[in-house]
Amino acid sequence: MKESEQRHVALRINASEEAALMELLNFMYSNTLSTTAAPALLDVLMAADKFEVASCMRYCSRLLRNMPMTPESALLYLELPSSVLMGEAVQPLTDAARQYLASRYKDMTKFQDEVMALPLAGVEAILSSDDLQIASEDAVYDFVLKWARAQYPRVEERREVLGSRLARFIRFPHMTCRKLKKVLTCNDFDHDVASKLVLEALFFKAEAPHRQRTLAAEESVTLNRRFVERAYKYRPVKVVEFERPRQQCVVYLDLKREECENLFPSGRVYSQAFHLGGQGFFLSAHCNMDQQSSFHCFGLFLGMQEKGSVSFAVDYEFAARSKPTEEFVSKYKGNYTFTGGKAVGYRNLFAIPWTSFMADDSLYFINGILHLRAELTIRH
């Protein structure tokens with residue numbers, strides 16, 4: 001560069017950059033900075049990027065990363081100019097900012113107003129998390145639409161942002177088919193984009209379980225994690241339906257050991273809804289006291305969603321895979337006439353205390369998974 005041959009070099013900068021540039025020059029000779037305040041360090045970071053002093057960028061990034069993070073500072077880091085964000089030196093800082101926001105807002109329902117006010121970079125950070133505590137991926141889709149409609153009133157802008165930025169964070173393969181149908185007719189998405197996303201989701205759903213696991217494992221190391229299942233509040237189920245000779249459905253619900261551990265002492269986890277005879281049902285697993293209130297135990301219940309005043313007579317059977325055969329063993333049979341909002345089940349499904357159910361030698365956890373099955377048949 002021509003400056004290498006000059007004894008006096010003139011740099012043209014904005015007045016607002018002067019303090020940061022002096023700090024940068026000081027750093028180049030002493031390897032230290034006199035400022036420790038976050039806004040001033042950010043200014044030095046920008047100056048270091050402009051003049052390509054990578055060592056100073058790394059130094060500022062490290063200092064900022066070691067400071068207590070706030071929502072405001074995390075968003076500042078994620079909204080740095082793209083040239084700065086691309087810098088390898090800044091990557092650990094932006095990763096920490098994303099993790100902070102994802103952790104702070106993982107239960108989005110608690111911070112609805114705050115999350116609705118976040119800018120695009122903040123929403124992307126939250127939606128990229130596997131640990132989002134949300135009912136289902138359908139709820140993620142509904143939130144994204146609500147946020148986009150509030151932030152981008154013009155439909156053309158909204159389509160652009162949804163298609164190019166936010167769609168990749170919605171895990172369409174884990175949405176229900178009913179909701180995927182709505183995606184196809186949603187005016188907020190470009191029709192070609194929506195068709196491609198829904199087709200991909202349906203192909204994933206049609207894959208054999210081992211292929212689904214392989215696809216999820218391959219993607220878990222990439223930024224795009226659309227096949228990876230989040231920790232939904234409503235756990236996914238597999239359903240086999242029969243119309244003849246009787247209306248019947250067989251529902252499979254798998255729970256991880258950690259999910260069961262987290263139920264103690266009085267928690268519950270719900271399945272996603274499934275349908276029989278046009279009515280919505282769900283399973284719920286509980287940690288509760290046994291009938292005599294003498295010890296904690298594992299309970300399983302079947303509920304009917306609230307809809308109208310229809311009454312439904314149903315035969316049901318609960319079963320679980322059990323060692324050593326690892327086959328499903330029937331645990332409880334019954335019949336019940338449901339009306340909307342009612343539930344029925346068994347407080348102590350395995351007829352053992354919680355400690356025995358969760359023990360290392362428990363008969364019911366196979367490779368860390370509890371396999372449950374519910375069979376429902378409409379009585380005529």
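Residues numbered from 1 in each chain as written. Predicted model: local features only at pLDDT ≥ 70, side-chain atom pairs only at ≥ 80, totals over all residues. Heavy atoms only, no water.

Within the protein one finds 15 helices and 12 strands. In summary, the protein has a C-alpha radius of gyration of 27 Å against a globular reference of 21 Å for 380 residues, an excess of more than 25%. A principal-axis box enclosing the C-alpha atoms of the protein has dimensions of 95 × 50 × 35 Å. Residues classed as buried in the protein amount to 43% of the 380 residues present. Considering only contacts within the protein whose residues lie at least 6 apart along the sequence, 62% involve residues at least 24 apart. Accessible surface for the protein amounts to roughly 21000 Å². Of this, 51% is attributable to carbon and sulfur atoms. Across the protein, the 47 positively charged side chains and the 47 negatively charged ones have centroids separated by 5 Å. (Helix = DSSP H or I, 4+ residues; strand = E, 2+ residues; numbered from the N terminus. Rg over C-alpha atoms; globule rule 2.2 N^0.38 Å. Buried < 20%, exposed > 50% of the residue type's maximum accessible area, 1.4 Å probe, protein only. Contact = heavy atoms within 4.5 Å. Areas by Shrake-Rupley, 256 points an atom, 1.4 Å probe, with all protein chains shown as cover. Lys, Arg positive; Asp, Glu negative; His and termini not counted. Charge placed at Lys NZ, Arg CZ, Asp CG, Glu CD.)

This brings us to the layout of surface pockets. Estimated volume of the largest pocket: approximately 1900 Å³. Lining the largest pocket are 49 residues, with E229, P236, V237, K238 and Q272 positioned closest to its centre. At five residues, helix α13 (residues 209–219) tops the list of elements feeding residues into the lining of the largest pocket. Partitioned by chemical class, the residues of the lining of the largest pocket number 23 nonpolar, nine polar and 17 charged. Residue-level mapping places the lining of the largest pocket at the junction of two domains, with at least three residues from each of domain 2 (127–221) and domain 3 (238–378). (1 Å grid on protein atoms, 1.4 Å probe; cavity = no way out; pocket = protein on both sides within 12 Å on 5 of 7 lines; lining within 4 Å. Points joined across faces, edges and corners; volume = space filled by probe spheres on them. Nonpolar A, V, L, I, M, F, W, Y, C, P; charged D, E, K, R; others polar. Domains from an automatic or database assignment.)

Here we take up the side chain of S322. Mapped onto the elements of the fold, S322 is located in strand β8 (residues 311–322). Apart from the residues within four sequence positions on either side, S322 is in contact with E327, V329, L363, Y364 and I366.

Bringing the packing of helix α8 (residues 120–127) against helix α9 (residues 137–151) into the picture now. Two numbers describe how α8 lies on α9: the axes approach to 12 Å, and their chain directions differ by 180°. Relative to α9, the element α8 is oriented roughly antiparallel. Of the residues in α9, those in contact with L120, V123 and L127 of α8 are V140, F143, V144 and W147. (Axes fitted to C-alpha atoms, helices over the stretch in contact; angles between N-to-C directions. Parallel < 35°, antiparallel > 145°, perpendicular 65-115°, else oblique.)

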